Amino acid sequence: MNEGSLETANPSDVEMPDSSTAARHASSTSRANPLEALAESLRHFRQSQQYRLSCYVLSHLWILKIVFAVLRAVRPAMRVGNVLVVTKAREVREVLERFDDFVLSDSITPGMPWGPFLMTVDWRGQHDRERAMLQSAVEPATDLAAIRIIAADVCRSRIGALAATGRIDVVADLAEPVMVRIFHDYFGVAPLAGDEKLMARAMRDLAGIIMVDPPVGSQAWLNSRDDMVGLTRQLKEHFEAEKAGANHASRNSPPTLLGRLLRRHDASGPAWFDEDWIRRYLTGLIATGGATIVRATAQAVDQLLERHDALQRARELSGRLDLAEQGRPPDVAPCRDALRQWIYEALRFRPMLPLLVRDCPRDTIIANGTPRARLVPAGTRIIAPPLAAMFDADAFPDPSAFRERPIESYFHFGFGPRRCFGKYIADIVMLEVVHALMRLQGLARAEGSAGQVSYDGPAPCSLVVTFEAGQAGTAQ
Ligand code: HEM
């Protein structure tokens, strides 16, 4: 367990590296000695190439697919140095479910410099308490419908505004604006400096540093530090406004997640549940919840566009859902499940998180009772890739086929105590964005590089599609 999560800290005390520190350090080194400056430049160059390569490998996935297919065939639990890679679905799931034997904090803490968050807590009892606290702020009976309305509204108005052009960016015009609105209306966090584009960039930067650590002093690193400072300031203002009863458009509006957590905090609670906890957890949710949905949606749409039959089927399922939403049989729920399963299948070919990482704190055995059983010594880092698991023929028969599969078999949201907290939001947003797109006649990839997913670090920043111009695209 990371001790820091029990400490009370003032948000203004949080160590936020000054953006200019690295630049100052670099220039003072170069003034000191030209050889040192050259060595420093070479180090920066090597680090930035490594960063680019990691972002590429984690986003384009063809290299990982080949490596995992070979490993699964020849050595399904392969050790290289102190790294163990498991490529069978059974073992990937085992690693994710064994919370105490395979821990997360060491590998993820550097990517979460705003302070302890659910994912950095390795003490099972405390993790469960903090997760339950967060969960207690969610009111499924009303929240799911509210999130769906926000997502559908934003899609309708954005597509409506661009209908005449016959061209829309799935990332910048749809998925990002949906998430910025959800953070505002549902979480209670307004766009940074009132600027939706800046907030979208902050979502990308913060998700980006969790996935791939950028070199210190690089633009991605500097941006992420600026975002944390901006978010911390903004959250403090929100806290004050909530306390003064002035926040949220109207006092009659349902309270946001932030408002609910602050009320619970006022009411009493454990010592660790203070305002700084709320700041850290909201920052964590923005980091884990914004660009992740955007990345998953863009990558799923990309895979549907890649396959004519799969795209046609998605349009069919979407049409059925339209009818069900108008009150015609069958019911809405099975129609949503069918479209969601199709989205999960698309995402299987380009998962949002292709790899998950754990560390082994003490000697243990993995795959016990199978011919693949192996001793895992303390100190081993384990790579448990959902990408490998979802192409294991034992769990996903005929893995190269795009087809219907049991929805609970997918690895997209993890398993066990660390399964995704935000799945309820992701499921709705992905479905609403894909549903809105599938209604568009003549939907296709834009020509050239615009029609491919492009990335800012590991977070997508664009995927342009075209459709028959002039349609409303908003019918429901
Ligand atoms: C399609 C979008 C998403 C995908 C594919 C996804 C995937 C995942 C996965 C695989 C894990 C487990 C990580 C592990 O075991 O190491 C996870 C955990 C988590 N996710 Fe998501 N996620 C998504 C969206 C979200 C959203 C929208 C939020 C919040 C707003 C969120 C918050 C979290 C949190 C807090 C955890 C850590 C849970 C814990 O440690 O107990 N995620 N997610």
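Residues numbered from 1 in each chain as written. Predicted model: local features only at pLDDT ≥ 70, side-chain atom pairs only at ≥ 80, totals over all residues. Heavy atoms only, no water.

## Thoughts on the site of the ligand
- Neighbouring the ligand are 28 residues; His127, Arg131, Arg358, Arg418 and Cys420 lie closest to it.
- In the environment of the ligand, an oxygen atom lies 2.6 Å from a nitrogen or oxygen atom belonging to the side chain of histidine 127.
- Threonine 288 is positioned such that a nitrogen or oxygen atom in its backbone is 3.5 Å from a nitrogen atom of the ligand.
- Put simply, the parts of the chain that give the shell around the ligand at least two residues each are helix 6 (124-136), helix 12 (275-289), helix 13 (291-306), strand 4 (356-359) and helix 17 (423-438). (Near = heavy atom within 4 Å. Polar contact = N/O pair within 3.5 Å; in protein donor to acceptor, adjacent residues only side chain to side chain. Helix = DSSP H or I, 4+ residues; strand = E, 2+ residues; numbered from the N terminus.)

## Describing a nonpolar patch on the surface
- On the surface, a nonpolar cluster with roughly 510 Å² of combined accessible area is contributed by Tyr56, Trp62, Ile66, Val70 and Val74.
- Here valine 74 is to be found in helix 3 (residues 62-74).
- According to the relative accessible area criterion, valine 74 is exposed, its value standing at 61%. (Patch = residues over 30% accessible without salt bridge, like charges linked within 9 Å, V, L, I, M, F, W, Y side chains within 5 Å. Areas by Shrake-Rupley, 256 points an atom, 1.4 Å probe, with all protein chains shown as cover. Salt bridge = Lys/Arg side-chain N within 4 Å of Asp/Glu carboxyl O. Buried < 20%, exposed > 50% of the residue type's maximum accessible area, 1.4 Å probe, protein only.)

## A few points about the sheet that holds strand 1 (residues 77-80)
- Pairing in this open sheet of 4 strands is mixed, and the strands run 1-2-7-4 from one edge to the other. Strand pairing shows two members of the sheet lacking a second neighbour, strand 1 and strand 4, which therefore form its edges. When the angles between neighbouring strand axes are averaged without regard to direction, this sheet yields 20 degrees.
- Sheet analysis places strand 4 next to strand 7 (residues 381-384), joined by 4 bridges and oriented antiparallel. Counterpart to valine 357 in the pairing with strand 7 is isoleucine 383.
- Set on the sheet, helix 4 (residues 89-97) makes contact with strand 2 (83-86), strand 4 and strand 7; between it and strand 7 the angle comes to about 125 degrees. (Pairing = 2+ DSSP bridges. Axes fitted to C-alpha atoms, helices over the stretch in contact; angles between N-to-C directions. Contact = heavy atoms within 4.5 Å.)

## Focus on helix 13
- Taking 1.5 Å per residue, 16 residues should reach 22 Å; helix 13 reaches 22 Å between its end C-alpha atoms and fits that length.
- Counting buried positions along helix 13 yields 15 of 16 residues, so the element is predominantly enclosed. (Expected span 1.5 Å × (residues − 1).)

## Focus on the coordination of the iron atom of the ligand
- For the iron atom of the ligand, the sole protein-derived donor is Cys420 (SG), lying 2.3 Å away.
- The topology assignment puts cysteine 420 in the loop between helix 16 (386-389) and helix 17. (Donors = N, O, S within 2.8 Å, 3.2 Å for Na, K, Ca; no water.)

## Some words on the packing of helix 14 (residues 308-325) against helix 15 (residues 332-349)
- Put simply, helix 14 and helix 15 touch, their axes get as near as 9 Å, and they point 160 degrees apart. As judged from the angle between their axes, helix 14 and helix 15 are roughly antiparallel. For the pair helix 14 and helix 15, the sense of crossing is left-handed. Two secondary-structure elements touch here, helix 14 through Ala310, Arg313, Ala314, Leu317, Ser318, Arg320, Leu321, Ala324 and Glu325 and helix 15 through Val332, Cys335, Arg336, Ala338, Leu339 and Trp342. (Parallel < 35°, antiparallel > 145°, perpendicular 65-115°, else oblique. Left-handed = near helix turned anticlockwise from the far one by under 90°.)

## Details of the environment of aspartate 456
- Note on placement: aspartate 456 falls in strand 9 (residues 454-456).
- The class of aspartate 456 is partly exposed, set by a relative accessible area of 33%.
- Spatially, the C-alpha atoms of aspartate 456 and phenylalanine 239 are 31 Å apart, while their sequence positions differ by 217 residues.
- Sequence-distant contacts of aspartate 456, that is, excluding residues within four places in its chain, are made with Arg204 and Cys461.
- Among the polar contacts made by the side chain of aspartate 456, one reaches the side chain of arginine 204 at a distance of 3.1 Å.

Keep in mind these numbers describe shape, not what the thing actually does.
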